[in-house]
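Coordinates in review
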Amino acid sequence: MKVQQTSLTQNNWKDNLSSVTIDANMFLLFISSEFNEKRDFLDALHKQYPKATLIGCSTAGEISDVTVKDQSVSLTAIQLEKTPFKKVSFLIKDKNCSHKAGQEIADQLYNKDLKHVLILSDGLNVNGADLVAGLKSKLPKISITGGLAADGSNFNKTFVINDNTIVDKTIIGIGLYGDNLKVGYSSKGGWDSFGIERLVTKSDKNVLYELDGLPALEIYKSFLGEEANNLPSSGLLFPLSMRINEDSIPVVRTILAVSEEDQSLTFASNIPEGSYVRLMKANIDRLINGAEDSAVAANKELDEVSDLAILISCVGRRLVLKQMVEEEVEVVRDVIGNKPCITGFYSYGEIAPFGEFSPCELHNQTMTITTLSEC
């Protein structure tokens, strides 16, 4: 496995495309929505590498080595030498198709040699939890990682790259096959819970109406104080910790919208009735420590140093960390060493198991890491 990673800007991309010197058969492209020449860039890349598979998505920040940028492209050229791979895509009509999409992608990718699945999805028109549930139902023993495309903190329009096309309402799946591929993965947060735990008494998929029989928005505002005036954007700073039952591991859920009319909260993923939620707040040191913990967990699953690390972190973490955002990438570099190329993006949702032997989940507000190498 050979990997080259570079960051392209609107001023240098035409000159720097020639910096790729390996015989790449796959490109990972994490592209800012504000990169104005993305169509010209994609055409040029496809023309230069007509046989390579191109996949990627829009972002809330592009990770390239230990930098986090905007209005750029984080381009990673990959030459898989011993690992067959297959790309499939699914065009969704609405969010209710998300579970079916996961099942169909899994069916198309599965064979007995399937080792890992990488998912990149539209971030606004897909129910991420249903997508993951569909994938898991067909691939219970296969590791799955990836993320949901983003659009800064605008939540307006996201896209994915499917070879030479820029499309929305689409999910891309890459299947990686064979025992020559070594994969590590982990997803950790670092948020602090506060306040009492409350029972979800009324919800519909990702829309939360009542907690303990009371209007959800009213309760949520009571904890936020002055920050309640800045909803829904301030909701990224105060996610919820959710557990399906008393024995399940909590996952984090991010607020996307609020409704004064019915006092509801809309989340990036499902909040089932009967689950338990608790408010969370940011602690910068804990967020950076969470990124470090994720790197340690992902790295220890490999017998040797990886060639590539794909980092998918939540837009909410970036809004909290602000000018310190690169510290959570630098701490990953400190753990995994200098050899692996680092690429990634800030997302509207992260897909990964918590760690080895745990099922895949949709996360919010985590640093999710996938490490890849060939042996």
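Residues numbered from 1 in each chain as written. Predicted model: local features only at pLDDT ≥ 70, side-chain atom pairs only at ≥ 80, totals over all residues. Heavy atoms only, no water.

Thoughts on the overall build of the chain
When helices and strands are tallied, the chain shows 8 helices and 26 strands. A compact globule built from 375 residues would reach a C-alpha radius of gyration of about 21 Å, and the chain, at 20 Å, matches this within 12%. Overall, the C-alpha framework of the chain stretches about 60 × 45 × 40 Å when taken along its three principal axes. Buried residues in the chain amount to 57% of all 375 residues. Taking the contacts inside the chain whose residues are at least 6 apart along the sequence as the reference set, 81% of them involve residues at least 24 apart. Total accessible area on the chain stands at roughly 15100 Å², and carbon and sulfur atoms take up 45% of it. Counting 37 positive and 50 negative side-chain charges, the chain places the centres of these two groups 5 Å from one another. (Helix = DSSP H or I, 4+ residues; strand = E, 2+ residues; numbered from the N terminus. Rg over C-alpha atoms; globule rule 2.2 N^0.38 Å. Buried < 20%, exposed > 50% of the residue type's maximum accessible area, 1.4 Å probe, protein only. Contact = heavy atoms within 4.5 Å. Areas by Shrake-Rupley, 256 points an atom, 1.4 Å probe, with all protein chains shown as cover. Lys, Arg positive; Asp, Glu negative; His and termini not counted. Charge placed at Lys NZ, Arg CZ, Asp CG, Glu CD.)

Overview of the nonpolar core
Residues Ile119, Leu311 and Ile351 are the most contacted members of the largest nonpolar core, which totals 55 residues. Sorting elements by how many residues they give to this core places helix α6 (residues 284-300) first, with 5 residues. If we ignore the near neighbours within four places in the chain, the residues touching Ile351 are Ile119, Leu131, Val132, Ile144, Thr145, Gly146, Gly147, Leu148, Cys360, Glu361, Leu362 and Thr368. In terms of nonpolar packing, the next biggest core, distinct from the first, is built from 25 residues, Val3, Met26, Leu120 and Val183 among them. (Core = buried A, V, L, I, M, F, W, Y, C linked by side-chain atoms within 4.5 Å.)

With respect to the packing of aromatic side chains
Each pair of aromatic rings is reported with the distance of its centres and the angle of its planes. Inspection of every chain in the model, using the stated rule, returns 6 aromatic pairs. Between Trp13 and Phe41, the ring centres sit 5.8 Å apart and the planes meet at 85 degrees, which makes this aromatic pair edge-to-face. Pair noted here: Trp13 is in helix α1 (residues 13-16) and Phe41 is in helix α2 (residues 38-48), with a separation of 28 residues, a long-range link. A single burial state applies to Trp13 and to Phe41, both of which are buried. Ring geometry for Phe194 and Phe223: centres 6.1 Å apart, planes at 80 degrees, overall edge-to-face. Here Phe223 lies in helix α5 (residues 216-224) and Phe194 lies in strand β14 (residues 192-204), a separation of 29 residues in the sequence. Pairwise contacts between aromatic rings join Trp13, Phe35 and Phe41 into one cluster. The cationic tip of Lys202 hangs over the ring face of Tyr209; the distance from NZ or CZ to the ring centre is 5.3 Å. Note that Arg243 overlies the ring of Tyr276, its terminal NZ or CZ placed 4.9 Å from the centroid. (Phe/Tyr/Trp six-rings, centres within 6.5 Å; stacked < 30°, edge-to-face > 60°. Lys NZ or Arg CZ within 6 Å of the ring centre and 35° of its normal.)

Some details on the pairing of strand β9 (residues 143-148)
Of all 6 residues in β9, 6 are buried, a share of seventy percent or more. The two faces of β9 match: Ser143, Thr145 and Gly147 on one face and Ile144, Gly146 and Leu148 on the other face are all buried. As paired elements, strand β8 (residues 114-121) and β9 share 6 bridges and run parallel to each other. Of the residues in β9, the one forming a bridge with Leu120 is Gly147. As paired elements, β9 and strand β24 (residues 349-353) share 3 bridges and run antiparallel to each other. Bridging across to β24, Gly147 finds its partner in Glu350. (Pairing = 2+ DSSP bridges.)

Section: the packing of α6 against helix α8 (residues 326-336)
The interhelical angle for the contact between α6 and α8, taken along N-to-C directions, is 30 degrees, at an axis separation of 8 Å. Taken as axis vectors, α6 and α8 run roughly parallel relative to one another. The two elements α6 and α8 meet at a crossing, and its hand is right-handed. The residues of α8 that touch α6, namely those facing Leu287, Ile288, Ala291, Glu292, Ala295, Val296 and Asn299, are Glu327, Glu328, Val331, Val332, Val335 and Ile336. Grouping the constituent residues of the contact of α6 with α8 by class yields 9 nonpolar, 1 polar and 3 charged. (Axes fitted to C-alpha atoms, helices over the stretch in contact; angles between N-to-C directions. Parallel < 35°, antiparallel > 145°, perpendicular 65-115°, else oblique. Left-handed = near helix turned anticlockwise from the far one by under 90°. Nonpolar A, V, L, I, M, F, W, Y, C, P; charged D, E, K, R; others polar.)

Description of the pattern of salt bridges
Inspection of every chain in the model, using the stated rule, returns 16 salt bridges. Lys136 is paired through a salt bridge with Glu361; the nearest N and O atoms lie 3.9 Å apart. In this pair, Lys136 is assigned in helix α4 (residues 128-138) and Glu361 in strand β25 (residues 360-363), connecting sequence segments 225 residues apart. With a closest N to O distance of 3.0 Å, Lys157 and Asp168 form a salt bridge. (Salt bridge = Lys/Arg side-chain N within 4 Å of Asp/Glu carboxyl O.)

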